[in-house]
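Examination of the molecular architecture
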Amino acid sequence: MEAEKRRGGGEKEDMSHVIHKVPAGDSPYGRAKHLQLVEKDPEMAIVWFWKAINAGDRVDSALKDMAVVMKQQDRAEEAVEAIKSFRHLCSKQAQVSLDNLLIDLYKGNLGWAYMQQNNYDAAEVVYRKAQMIEPDANKACNLGLCLIKKGRFDEARAVLEEVLHRRYPSSDDGKIISRAEQLVREIELQPAVSPLEVGLSIKEEIMERLDLVMNEWAPFRSKRLPIFEEISTWRDHIAC
């Protein structure tokens, strides 16, 4: 019973902290923040952020907050276009933070593009750099997925547990938490791999990459062995 009371008290404190971030009044921006933070309705929050921008209501904050919510909804391309289209309405003081947000959006997109190409090494680098700029739970999940694809399950689990323990911004988003839980379950379903098998897989990967390099050079090199190249040159000299 006491635990429930303490938990209930904690929830009230959290809610009061959230409400404290919501502007007073019934302005479009205030309505958008209430939808984002209190009602947890990101789609309607985006609609009201648009209304705030169009009404000139705290445009700096409205544009940045809308882009963040869009990114959380996997609508990064829309967020980029919104910033490009409306940043001229923002103050000079907001331009640096908008640039940083654009960098974050571009890096997120780049990482996912690499993932679609199965280039997990490049994707990992991009996601880690993006986390250094502005860490959040969504990018952490993407990094966890990347590590799973690379077979580095322990590292992936460590990253995802950080999300589940709410140690990143936006970790309170239910969809992100569900995604992290799903990825952890995926790790648990993976068969155990022995160190010997890991070593073999690495060797196989190295050999495959060497084959690719050799194939790229093949059009520029003779298929014959070096000894035949020497014989051919000697024969040309005799013919002269």
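Refer to the structure presented above.
This section reports on the structure supplied with the text.

Reading guide: rules and limits
Residues numbered from 1 in each chain as written. Predicted model: local features only at pLDDT ≥ 70, side-chain atom pairs only at ≥ 80, totals over all residues. Heavy atoms only, no water. Axes fitted to C-alpha atoms, helices over the stretch in contact; angles between N-to-C directions. Helix = DSSP H or I, 4+ residues; strand = E, 2+ residues; numbered from the N terminus. Parallel < 35°, antiparallel > 145°, perpendicular 65-115°, else oblique. Left-handed = near helix turned anticlockwise from the far one by under 90°. Contact = heavy atoms within 4.5 Å. Nonpolar A, V, L, I, M, F, W, Y, C, P; charged D, E, K, R; others polar. Buried < 20%, exposed > 50% of the residue type's maximum accessible area, 1.4 Å probe, protein only. Salt bridge = Lys/Arg side-chain N within 4 Å of Asp/Glu carboxyl O.

Re the packing of helix α3 (residues 42-55) against helix α4 (residues 59-72)
Running from amino to carboxyl end, α3 crosses α4 at an angle of 155°, the nearest separation of the two axes being 9 Å. Relative to α4, the element α3 lies roughly antiparallel. As for the relative orientation of α3 and α4, their crossing is left-handed in sense. Within the contact between the two elements, α3 uses Pro 42, Ile 46, Phe 49, Trp 50, Ala 52 and Ile 53 and α4 uses Val 59, Ala 62, Leu 63, Asp 65, Met 66, Val 69 and Met 70. When the residues that make up the contact of α3 with α4 are grouped by side-chain class, the tally is twelve nonpolar, no polar and one charged.

Side note on unusual backbone geometry
Leaving glycine out, the prevailing phi sign among residues is negative, and the prevailing peptide bond configuration is trans. At Lys 40, a residue that is not glycine, the phi angle is positive and equals roughly 55°. Residue placement: Lys 40 occurs in the loop between α2 (28-37) and α3. Among the residues examined, Lys 40 registers a relative accessible area of 47% and is labelled partly exposed. We note that Arg 166 has phi near 60°; this positive angle belongs to a residue other than glycine. Along the chain, Arg 166 turns up in the loop between α9 (153-164) and α10 (174-188).

A word on the pattern of salt bridges
Inspection of every chain in the model, using the stated rule, returns 17 salt bridges. Put simply, Arg 75 and Glu 43 hold a salt bridge, and the shortest N to O gap is 2.9 Å. Note that Arg 75 is positioned in the loop between α4 and α5 (76-86) and Glu 43 in helix α3, a separation of 32 residues in sequence. Judged by its relative accessible area of 39%, Glu 43 is partly exposed. The salt bridge partner of Arg 128 is Glu 155, with a shortest N-O separation of 3.7 Å. On the criterion of sequence distance, the pair formed by Arg 128 in helix α7 (residues 120-133) and Glu 155 in helix α9 is long-range, its members being 27 residues apart. Assessed through its relative accessible area of 33%, Arg 128 is described here as partly exposed. Given the relative accessible area of 36%, Glu 155 is considered partly exposed. Several salt bridges converge on common partners, so that one network encompasses Asp 121, Glu 124, Arg 128, Lys 150, Arg 152 and Glu 155.

Read these as layout, nothing more, since geometry by itself doesn't imply function.
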